[in-house]
Amino acid sequence: AGIMNTSTARCWSSDTYNPTPGVIDGVPSSRNYEGGFGTALMLKDLGLATDAAKASAAPVPIGASAQAMYELMVANGLGSKDFSVAYQFLKGNKP
């Protein structure tokens, strides 16, 4: 992450809120995804965005895919974990 953060690859998830445990101290990923913005809240917000898109007939295929993934995460007991737990979920891990 250090090399990326000194180049044009720098981004919020690499220098401020990295989803990989142990990269940045004090962020939810380094605390077993405790605290932060909950997965269930992310699902709620994705639902609101999807509903707004449907109401305006705007297709949001990636948004719908993200919503489906967060639905699975909540169904698998990760609703209270920080939304960055998606990193582990996509790897097939459940913290």
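Residues numbered from 1 in each chain as written. Predicted model: local features only at pLDDT ≥ 70, side-chain atom pairs only at ≥ 80, totals over all residues. Heavy atoms only, no water.

Student: Mind showing me how you'd approach the packing of aromatic side chains here?
Tutor: Each aromatic ring pair is characterised by the separation of its centres together with the angle its planes make. Summed over all chains, the structure comprises 2 aromatic pairs. Where Tyr 17 meets Phe 83, the ring centres are 5.8 Å apart and the plane angle is 10°; that geometry is what we call stacked. Of this pair, Tyr 17 sits in the loop between α1 (12–15) and α2 (39–55) while Phe 83 sits in the loop between α3 (61–75) and α4 (86–90), and the two are 66 residues apart along the sequence. Here Tyr 17 falls in the buried class, since its relative accessible area comes to 17%. When the centroid spacing of 6.3 Å and the interplanar angle of 75° are considered together, the rings of Phe 37 and Phe 83 count as edge-to-face. Here Phe 37 is found in the loop between α1 and α2, whereas its partner Phe 83 is found in the loop between α3 and α4, with 46 residues between them in sequence. Taking the relative accessible area as the measure of exposure, Phe 37 reaches 32% and is therefore partly exposed. Given a relative accessible area of 17%, Phe 83 falls into the buried group. (Phe/Tyr/Trp six-rings, centres within 6.5 Å; stacked < 30°, edge-to-face > 60°. Helix = DSSP H or I, 4+ residues; strand = E, 2+ residues; numbered from the N terminus. Buried < 20%, exposed > 50% of the residue type's maximum accessible area, 1.4 Å probe, protein only.)

Student: Would you mind showing me how to read the side chain of Thr 50 here?
Tutor: Looking at the element boundaries, Thr 50 is found in helix α2. A distance of 2.8 Å separates the side chain of Thr 50 from the backbone oxygen of Leu 46, its partner in a polar contact. The contacts of Thr 50, once residues within four sequence positions are left out, are Gly 63 and Gln 67. (Polar contact = N/O pair within 3.5 Å; in protein donor to acceptor, adjacent residues only side chain to side chain. Contact = heavy atoms within 4.5 Å.)

Student: Explanation requested: the nonpolar core in the structure shown.
Tutor: One recurring pattern in soluble globular proteins is that nonpolar side chains are buried together. Counting 12 residues, the largest nonpolar core is built from Tyr 17, Tyr 33, Met 42, Leu 43, Leu 46, Met 69, Tyr 70, Met 73, Leu 78, Phe 83, Val 85 and Ala 86. Broken down by secondary-structure element, the contributors of at least two residues to this core are α2 and α3. Dropping the residues within four chain positions of it, Tyr 33 is found in contact with Pro 19, Pro 21, Pro 28, Lys 81, Asp 82, Ser 84, Val 85, Tyr 87, Gln 88 and Pro 95. (Core = buried A, V, L, I, M, F, W, Y, C linked by side-chain atoms within 4.5 Å.)

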